[in-house]
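Listed here are the chains, written in short residue letters.
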Amino acid sequence: MSTRHGLLIFLLLTPAGLADEGPAVEPNLSLVLDHSRVASGGVEQGSVTRGLLEAGFIWNLERAAGIPGAEFFAGVQMQRGNNGSELAGDIQGFSNIDADDFQQFGEVGFSQTLMDGRLAYRIGRLDANSDFSVVEAGGEFIHSSAGYT
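Residues numbered from 1 in each chain as written. Predicted model: local features only at pLDDT ≥ 70, side-chain atom pairs only at ≥ 80, totals over all residues. Heavy atoms only, no water.

Visitor: Quick question: what am I supposed to make of the overall build of the protein chain here?
Guide: A count of helices and strands for the protein chain gives two helices and six strands. Listing each helix as α and each strand as β along the protein chain from the N terminus yields β-β-β-α-β-α-β-β. Relative to its full complement of 149 residues, the protein chain shows a buried share of 23%. Relative to all contacts within the protein chain whose residues are 6 or more apart in sequence, the contacts with residues 24 or more apart total 56%. Per element, the accessible surface of the protein chain, about 9500 Å² overall, is 58% carbon and sulfur. (Helix = DSSP H or I, 4+ residues; strand = E, 2+ residues; numbered from the N terminus. Buried < 20%, exposed > 50% of the residue type's maximum accessible area, 1.4 Å probe, protein only. Contact = heavy atoms within 4.5 Å. Areas by Shrake-Rupley, 256 points an atom, 1.4 Å probe, with all protein chains shown as cover.)

Visitor: Can you walk me through the pattern of salt bridges in this structure?
Guide: For side chains of opposite charge, pairing can occur when their charged atoms come near one another. Taken as a whole, this structure holds three salt bridges when the rule is applied. One salt bridge connects Arg50 with Asp98, and the closest N-O pair in it is separated by 2.8 Å. Within this pair, whereas Arg50 is found in strand β3 (residues 46–60), its partner Asp98 is found in the loop between α2 (84–88) and β5 (102–114), the two being separated by 48 residues in sequence. For the pair shown, Arg50 and Asp98 are each scored as buried. (Salt bridge = Lys/Arg side-chain N within 4 Å of Asp/Glu carboxyl O.)

Keep in mind these values describe shape, not function.
Written out as structure tokens, the structure is:
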């Protein structure tokens, strides 16, 4: 059995809700820094640090162009760091942000809510995990098992 110690720094910058007369574009930026150490057990002892930067915006098309309930959204993601699972030797995944380094578009698409919220659709490059199999209470945990149903 391995002993693991971790530190999580989470930064989220988003405007605190938009009023009806508020801006048409809502920018967002988040940075997660995760440092872990395998102190005993595992494949080998050592420390790993990784970070995930996400930036994007939501463009409220109802405010900007008069399209009821419509939004355009786009985001980019960049992950850098080492994979803690390689040290720990676990199967499930040591951290939610363990991955090979990448930079990519995140979600990019269009959504619209109609009929007073009774009908909604989204099209584009979407992360199905944001709509299905979401464990709301596990969102702030860094270990991957808290985010899976």
